[in-house]
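Structure at a glance
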Amino acid sequence: MKYGNYLKERKQQLPVEWQKVFVDYEALKTFIKVHIAPACLKPSIAHQQAHPAAADNSTLGSNAYNTPQVPHLQPSPIIGGTTSVSTVAAHEDLSAFSAMIASRLTILQTKVPEFLALLDQQVGDVSTFTTLQTRRIYEAYGAFQGGQVGLGLASSTTDSRLAQATGNGIAASSTTTAEPASLETLLQSVIKLEKYIFLNYTGIVKIIKKMDRHAGLSISEAYLGRVWKLPFARAEQLSTLKKELMEKLSGVGAMTIKTNNTSSAQVDSALARSFESPFSPLALNFKSDSPVMMWRPTALAPTEKTWFPPAALLPHQRVLISMSGPHGTDIIGTLLECAAKYQCEVEDFSFARLYHNVTFAILITIKNDDMDIFKDLATAAKRWDATLTFDILDSLKKDPHFGNYVPGSLEDAPYEGRLKYTATVLCQHGLTSSFLSDWTHLLLVNKISVEKMVRLNEGQLACADYKLSIPASLNMDKFRESLFQLSADHGTDVALQPYDVFRKHKRLVVFDMDSTLIQQEVIDEIARHAGVMEQEITEAAMNGEIDFKESLKRRVALLKGTPVTVLDTVREQLTFTEDALYLCKALKKIGFKLAVISGGFMPLALHVKNILGLDYAFANQLKVSPDGLYLTGETIGPIVSGERKAELLEVIAQAESVTLDQVIAVGDGANDLWMLAKAGLGIAFNAKPRVQQKARARINQKSLKYVLYLLGYEDAEIRQLANS
């Protein structure tokens, strides 16, 4: 949800008369778009605004602010002709740079003060209205205690000033005797006013920063420093009253109007002073480290006679603080030192480094009313040349639309109802910028958030791991089709799997043998040595064009009369896939059980098992003549078909007390699809097109080492596993 819509929605939850005295975020935003953005001092931003602004210039004279139309620039001898502000960016030329900047400064010199005057007026009205409502609450509190509280604000001068500020007659009604109210009702009124303050303050922050961004200026910090001086931003009297009300509701403290050594006369004086400091435009005299406003929206549960304020209404707030700069450990120490000094509870933290620059963030709960923590943080940020930012979070209601929803970890995207996946992207020739761009675009189109990116390989960037937050409503089948097309277009693999505890806790890997652990198809090698090569049958079977059992029967029949010694010859000529031994050795180090289940033949499967150190081997058994010298052209026992492979995978998993989620299956042919589907992670390794389309993960690289990347291991970890 965009902030403007959020503000409008929350504004409508307040009383109608309150809605009339509000920072007009949308109107101010329109003013920026029409009058300021086209004259931006950052040409790239201005260029983006040029064409929309041109269309708007025709209506500048009749906008909500009734401000004059943006003047046209004088003819430029370099650009040529008379150019309006909205078209300056589209016709920039290096030779006219100085003239362009001068022209834009002329526009901004007029329009920025106009904008600030409009904002000043609205901020002043909000501040006056807040003071009015605070006074009404104090009067109601006095009435509750059995008598009126002489606040000294009922003068005609004050009332007229209030009426002028609000313009809606609210002030007149506020000077009458307040009706008695319960403490619970009064506290709810304080909380409602807090919400009003919070919405307006965040609106001010957002709009002044937007103006900075679109003007190419940097005055927001100065402006907000002025706002912070206003009573409505600091709201000290309101905070004092809220604390006293909570104390009385919880049975703590005496029933007196004096709170924390603050008398009603002092409150009277403080409220009255709020009208004596006009909020004049461009009076930027302030301290740059002034803390920013600390109010947040709150909610109150239904009350009872024995009501006790919930913990979230006690004097504390949740604040997300981050500091970025070149001094890593110093920044960490500074934030934690401030948290300790002010007895804050640290709920979570996150750290990221980019060479010398780091960002450290902590989510804290402030448990007292001492707001000097923000002044100390600002001072520390200057000391360490760091950038300080923080967000005030609602302690009761987590709002995912406004960014106030805080998930279980700060590293998670702030959205509810999402699925967590990991995507491993890999290419032995390197990840190209073209692929990375198209991959990111695919994520954006499907509203998928990236929560974390980790490089897995050393040297040229060839493999990376993404942690993704995926909308639960996303059609995963269609998304996988898009991934398959993306992979095919760029020759880069994308393996998508659920991000869960089983990702790095697999315990069993089942391999196909032919064209997976070894580079040959053994039955073709046997047939070649026997002089009866029928490769067409093999290819048709592997592509799923004919039944595997039928194809095996045909191929084995061709071997009738072939000497058994051909198996020894083929065994000596087997070529293992690159890094097959490396992979198996690494997996064994971390306790994996390994198996080969092949549609080939047992003597060769046993050889592969022994060389690679596997735990299980299953394959077809060739029948030999009674003298043991020749093949009969038949097999013995069940044929290891696709369905049989899936059955054997499950049998091994049960024998090893491993769940199917902890099983990896790797294969390349159509008869491997059953076991690829059965396993928690099924990998099509340099597979036939039909297999790749149906498999959930693909590796189209020469090396089997990439299987370890799909488990999230980095090169340094893989070397340690293989060499230890």
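The coordinates are above.
The notes below deal with the structure included here. (Residues numbered from 1 in each chain as written. Predicted model: local features only at pLDDT ≥ 70, side-chain atom pairs only at ≥ 80, totals over all residues. Heavy atoms only, no water.)

Moving on, we come to the packing of helix 21 (residues 565-573) against helix 23 (residues 602-612). Between helix 21 and helix 23, the shortest axis-to-axis distance is 10 Å and the interhelical angle comes to 35°. Crossing hand, helix 21 versus helix 23: right-handed. In this structure, helix 21 uses Leu567, Val570 and Arg571 to contact helix 23, whose residues at the interface are Pro603, Leu604 and His607. Taken together, the residues that form the contact of helix 21 with helix 23 break down as 4 nonpolar, 1 polar and 1 charged. (Axes fitted to C-alpha atoms, helices over the stretch in contact; angles between N-to-C directions. Helix = DSSP H or I, 4+ residues; strand = E, 2+ residues; numbered from the N terminus. Left-handed = near helix turned anticlockwise from the far one by under 90°. Contact = heavy atoms within 4.5 Å. Nonpolar A, V, L, I, M, F, W, Y, C, P; charged D, E, K, R; others polar.)

All right, on to the sheet that holds strand 8 (residues 493-498) then. Spatially, the 4 strands line up as an open sheet ordered 6-7-5-8, and their pairing is antiparallel. Since the sheet does not close on itself, it has two edges, and those belong to strand 6 (449-455) and strand 8, each with one partner. The sheet shows a mean angle of 20° between the axes of neighbouring strands, direction not considered. Strand direction decides the pairing type here: strand 5 (residues 418-426) and strand 8, joined by 6 bridges, are antiparallel. Looking across to strand 8, one finds that Thr422 is bridged to Gln497. Packed onto the sheet, helix 16 (residues 433-445) meets strand 5, strand 6, strand 7 (463-471) and strand 8 and runs at close to 15° relative to strand 7. In the packing of helix 17 (residues 476-490) onto the sheet, the strands contacted are strand 5, strand 7 and strand 8, and the crossing angle to strand 8 comes to about 155°. (Pairing = 2+ DSSP bridges.)

The next thing to look at is the pattern of salt bridges. Counting across every chain of the model gives 20 salt bridges. We note a salt bridge from Lys111 to Glu114, for which the minimum N-O separation is 3.4 Å. With Lys111 and Glu114 both in helix 6 (residues 97-144), this residue pair falls 3 residues apart, about one helical turn. In this structure, Asp568 engages Arg571 in a salt bridge whose closest nitrogen and oxygen atoms are separated by 3.0 Å. Of this pair, Asp568 and Arg571 are both found in helix 21, 3 residues apart, which corresponds to roughly one turn of the helix. Among the residues examined, Arg571 registers a relative accessible area of 27% and is labelled partly exposed. Because the salt bridges share partners, they merge into one network encompassing Lys420, Glu451 and Lys467. (Salt bridge = Lys/Arg side-chain N within 4 Å of Asp/Glu carboxyl O. Buried < 20%, exposed > 50% of the residue type's maximum accessible area, 1.4 Å probe, protein only.)

Moving on, we come to a positive patch on the surface. Together, Lys42, Lys206, Lys209 and Arg213 make up a region of like positive charge exposed at the surface. Inspection of the secondary structure assignment puts Arg213 in helix 9 (residues 183-215). On the basis of relative accessible area, Arg213 is assigned to the partly exposed category, the value being 42%. (Patch = residues over 30% accessible without salt bridge, like charges linked within 9 Å, V, L, I, M, F, W, Y side chains within 5 Å. Areas by Shrake-Rupley, 256 points an atom, 1.4 Å probe, with all protein chains shown as cover. Lys, Arg positive; Asp, Glu negative; His and termini not counted. Charge placed at Lys NZ, Arg CZ, Asp CG, Glu CD.)

Our next topic: the packing of aromatic side chains. Counted under the stated rule, the structure contains 9 aromatic pairs. Seen from their ring centres, Trp18 and Phe129 are 5.7 Å apart, and the 80° between their planes marks the pair as edge-to-face. Linking Trp18 in helix 2 (residues 16-19) with Phe129 in helix 6, this pair joins segments that are 111 residues apart in sequence. In terms of burial, Trp18 and Phe129 fall into one category: buried. Judged by centre distance (5.3 Å) and plane angle (65°), the rings of Tyr706 and Tyr709 are edge-to-face. Of the two residues, Tyr706 and Tyr709 both sit in helix 27 (residues 706-710), 3 residues apart, roughly one turn of that helix. Of the two residues examined, Tyr706 and Tyr709, each falls in the buried class. Clustering of aromatic rings is evident, with ring pairs tying together Trp18, Phe22, Phe129 and Tyr196. A cation over an aromatic ring shows up here: Lys192 above the ring of Trp18, its NZ or CZ 4.8 Å from the ring centre. (Phe/Tyr/Trp six-rings, centres within 6.5 Å; stacked < 30°, edge-to-face > 60°. Lys NZ or Arg CZ within 6 Å of the ring centre and 35° of its normal.)

Non-glycine residue Gln343 carries a positive phi angle of around 55°. The topology assignment puts Gln343 in the loop between helix 14 (328-341) and strand 2 (345-354). The class for Gln343 is exposed, based on a relative accessible area of 62%. Positive phi outside glycine occurs at Ser515, with the angle close to 65°. Here Ser515 lies in the loop between strand 9 (508-511) and helix 18 (522-530).

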